[in-house]
Amino acid sequence: MTRVVTLGETMALARTTEIGSLRHASGLALGIGGAESNVAVGLQRLGIDASWLGRVGDDPLGERIARELRGEGLDVRALVDTGAPTGLMIKERPSAASTAVHYYRRGSAGSRLSAADVPDGWIEAAALLHVTGITPLLSDTARSAVLAVVERARAAGVPVSFDINYRSALAAPEVAAPVLREIAERATLVFGGVEELELLGPDATASLLAAGVGQVIVKRGPEGAVVFTTDDATEALGFVIEPLDTVGAGDAFVAGFLSAWLEGLSAADALVRGNACGAMACLVPGDWEAAPTRRDLERFLAGGGDPVRR
């Protein structure tokens, strides 16, 4: 049985190979990236079987996405869309301490995801469904697809993990908020940064828990994270590192946390694993390349990771 299923857009990723503006970059390195597939790769490396579904263009970039994800051991459902291209994002490092990402995804194959793309039984046979707030803001059909799979999961008794992952380039706050809130209220676990949760309304954490969400996990970057339930709150500090590329750190955190949650570990242990995975993701360029294996994680926790001191 596939343990975790997820769906969304994975794009080709071109990143500058030196620090400085994209206006003057002389070289680009090609890869792939997408929030949902980043989480799937992170889970797979930690020993949790994962499956990703999404649309790609009938082009070399789409072929690369399918090949890379299959190479990581994922069960890949790459639906080839002959009517739209694979999306592209370009990442630059304007300075040693900053990263900027430019998206070229309007009308992309990934944005044309629909509920009909998700086969019967695929959701129902999973141990967990993971979705993000990116996919439902891509298009009307993508939003319908996410809502449909969430409802299918709930009907089948499959837990739902939801990472708010708000992208202002996709929708204004007043447009995105009700969509993201609708999904969050139907989830078992909700992940989000402080500002992302504020987007869902005042006292969003308390109101989501009152609506039936089991855990709200607040990501605080280098400061660590907190898990809220109706009974208590559990906090874990982050780790001291020198970050090289922070894009993808949130996805790595989610993968680490979910792997521990699926194994039945405590909230405290899940937070430590999530924080460690998020920190390790920042040490190498790329969205998912530094996602740790179990051995990597054990080595980091044994000798390389020091909690942040306030």
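Residues numbered from 1 in each chain as written. Predicted model: local features only at pLDDT ≥ 70, side-chain atom pairs only at ≥ 80, totals over all residues. Heavy atoms only, no water.

Peer 1: Which residues make up unusual backbone geometry, and what are the values?
Peer 2: With the exception of glycine, the majority of residues adopt a negative phi angle, and the majority of peptide bonds are in the trans configuration. Even without being glycine, Asn 165 reaches a positive phi, approximately 45 degrees. Of note, Asn 165 is situated in the loop between β9 (160-163) and α4 (173-184). In this structure, Asp 203 is a non-glycine residue whose phi angle is positive, near 55 degrees. Mapped onto the elements, Asp 203 comes out in the loop between α5 (194-199) and α6 (204-210). Exposure remark for Asp 203: the relative accessible area of 64% places this residue in the exposed category. (Helix = DSSP H or I, 4+ residues; strand = E, 2+ residues; numbered from the N terminus. Buried < 20%, exposed > 50% of the residue type's maximum accessible area, 1.4 Å probe, protein only.)

Peer 1: Describe the sheet that holds strand β2 (residues 11-16), listing the residues and the values that go with them.
Peer 2: Remark on secondary structure: sheet strands pair via backbone hydrogen bonds, oriented parallel or antiparallel. What the four strands build is an open sheet, ordered β3-β2-β6-β7; its pairing is mixed. Pairing within the sheet leaves two strands with one partner each, and these edge strands are β3 (28-33) and β7 (98-104). If you compare each strand with its neighbour and ignore which way they point, the axes differ by 25 degrees on average. Where helix α2 (residues 60-71) meets the sheet, its contacts fall on β2 and β3, and the angle it forms with β3 comes to roughly 65 degrees. (Pairing = 2+ DSSP bridges. Axes fitted to C-alpha atoms, helices over the stretch in contact; angles between N-to-C directions. Contact = heavy atoms within 4.5 Å.)

Peer 1: Could you give me a rundown of α2, with the residues and numbers involved?
Peer 2: Note that an α-helix has 3.6 residues per turn; residues three or four places apart therefore point the same way. The end-to-end C-alpha distance of α2, which contains twelve residues, comes to 16 Å, matching closely the 16 Å that a straight helix rising 1.5 Å per residue would cover. Every buried residue of α2 is accounted for by Gly 62, Ile 65, Ala 66 and Leu 69. Projected down its long axis, α2 carries its buried residues within an arc of 90 degrees, all on one side. Residues of α2 that are exposed and point over 90 degrees away from its buried face: Pro 60, Glu 63, Arg 67 and Gly 71. Elements in contact with the buried residues of α2: β2, β3, α1 (35-45), β4 (50-57) and β5 (75-81). Where α2 terminates, the next one or two residues include Gly 73, which has phi positive at roughly 90 degrees. (Expected span 1.5 Å × (residues − 1). Arc of directions from axis to C-beta.)

Peer 1: Could you give an account of the sheet that holds β5, naming the residues involved and the relevant values?
Peer 2: Overall, mixed pairing links the nine strands, which are arranged β5-β4-β1-β8-β9-β10-β11-β12-β13 in an open sheet. Across the chains shown, the open sheet's two edge strands, defined by having one partner strand only, are β5 and β13 (233-236). Strand-to-strand twist of the sheet, defined as the mean angle between neighbouring strand axes without regard to direction, takes the value 15 degrees. Examined bridge by bridge, strand β11 (residues 215-219) and strand β12 (residues 225-228) share four bridges and lie antiparallel to one another. Within β12, the residue paired with Lys 219 across the bridge is Ala 225. Most of the contacts of helix α7 (residues 249-262) go to β11, to which it runs at about 145 degrees, and overall it touches β1 (4-7), β8 (128-132), β9, β10 (189-193), β11 and β12.

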